Amino acid sequence: MTSLKLTEAIKRDILIPDFARTIGFTPEKHGMKGKMTLKEHDSLVISEDGKLFTWNSCCKSGSVIDFAMIFLNLNRQEAIATLRGLLGHDNFKRKLGQPPLVAQTAKKQVAFSLPERAKERWTRLYAYLSSRGICKEVIDYAVKEKLIYQDKRGNLCFVGYDYNGKACYGNLKSTATGNHFRQYVEGGNAAQRFSIHLIQRNREALFVCEAGVDVLSIMTLLHLSGKDFRQFAYLSLDCCDVQPIATHLRENPQLKRIYLCQDNDNGGKKSAQQAFELIREAGFSGDIIPNLPKAEGEDYNDYLRNVLNNKGEYNL
């Protein structure tokens, strides 16, 4: 059980605008009363003291813990574990009454720079992904195409590219057992996210997932079912936010099928519904296929591991 003192410290010391900026969002002033919003979600309003938010369009509200649960797709204990690791970090040290850091430095642009790659063999990356059921063929392919790598701290880094082929987005995930650390690379283009084969503009089918590991899981499931995973495009939302889909739809008019593979929980189902509405509003006339796992509460990585353990069947 998480101690009350820990949750109180997190809510007191980690302000929502500062945390939002850390994971790739852009806080902006909202009105004249000191409140803030997010450039990417202007219906989300953060209180003047930075400790509470209300997201009217999604009927959600709460503290920085709830914010982390929504935007990092974590359960409560995972969100607390992630935020606990940020306590005491310079970006979150505050004096009583001091406004959020982003309110003071909102105009400062952070240059995007991916973390340094590990120089030794990427054994932690391979061990972690293998433990999640990802096949070696998929791992080798993602490494060769510079879509993933192991940084010098041992984290797994998912890399997103713009339509000029330049790296513009990064998302870090710990490879250590029991460590739920996740972090966006500052200065990245959140509208692009982590994708595979979209910037080539030549795939007809797209799989949309909530996390990079789920993308790799779909690729593995395709491989196990005898299909060539290289023939499809993939997009990780890295949360439940569906706006990156619109970015890529504009660049990929050749798409004919979109598989919505968000998690099979309330957040994932709502995200899938929002994605369906966004895709249709964008004028997409192809097939939209909800493709949720059958087992309640599972994401596609859990589903893959069930298949590997002979606990389920998968047909795409």
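Procedures and definitions
- Residues numbered from 1 in each chain as written.
- Predicted model: local features only at pLDDT ≥ 70, side-chain atom pairs only at ≥ 80, totals over all residues.
- Heavy atoms only, no water.
- pLDDT = per-residue confidence, 0-100.
- Contact = heavy atoms within 4.5 Å.
- Pairing = 2+ DSSP bridges.
- Helix = DSSP H or I, 4+ residues; strand = E, 2+ residues; numbered from the N terminus.
- Axes fitted to C-alpha atoms, helices over the stretch in contact; angles between N-to-C directions.
- Salt bridge = Lys/Arg side-chain N within 4 Å of Asp/Glu carboxyl O.
- Buried < 20%, exposed > 50% of the residue type's maximum accessible area, 1.4 Å probe, protein only.

### What about the confidence of the model for the chain?
The predicted model of the chain averages 86 in pLDDT, with 87% of residues at 70 or higher. Note that pLDDT drops below 50 for residues 101–107; the model gives that stretch eleven contacts with residues more than four away or on any other chain.

### Examining the sheet that holds strand β13 (residues 257–261)
The strand order across the open sheet formed by five strands is β10-β12-β11-β13-β14, and the pairing between neighbours is mixed. Both edges of this open sheet fall to β10 (194–196) and β14 (287–290), since each of them pairs with a single strand only. On average, each strand axis in the sheet is tilted by 15° relative to the strand beside it, whichever way the strands run. Running at roughly 160° to β13, helix α10 (residues 266–281) makes contact with β13 and β14 of the sheet.

### Things to note about the pattern of salt bridges
Summed over all chains, the structure comprises eight salt bridges. The residue Arg305 makes a salt bridge to Asp302 at a minimum N-O spacing of 2.8 Å. Within this pair, Arg305 and its partner Asp302 are both found in helix α11 (residues 300–308), separated by three residues, close to a single helical turn. Residue classification places Asp302 among the partly exposed positions, given a relative accessible area of 25%.

### A short note on the environment of Gly85
Positionally, Gly85 belongs in the loop between α4 (76–84) and α5 (101–104). Residues Gly85 and Ile10, 75 residues apart in the sequence, show an inter-C-alpha distance of 9.9 Å.

### Side note on the sheet that holds strand β7 (residues 156–161)
The strand order across the open sheet formed by four strands is β6-β7-β8-β9, and the pairing between neighbours is antiparallel. For this open sheet the edge positions go to β6 (148–150) and β9 (182–184), each flanked by a neighbour on one side alone. This sheet shows a mean twist of 25° between the axes of neighbouring strands, independent of strand direction. With six bridges connecting them, β7 and strand β8 (residues 167–173) associate as antiparallel partners. Looking at the pairing, Val159 lines up with Gly170 of β8.

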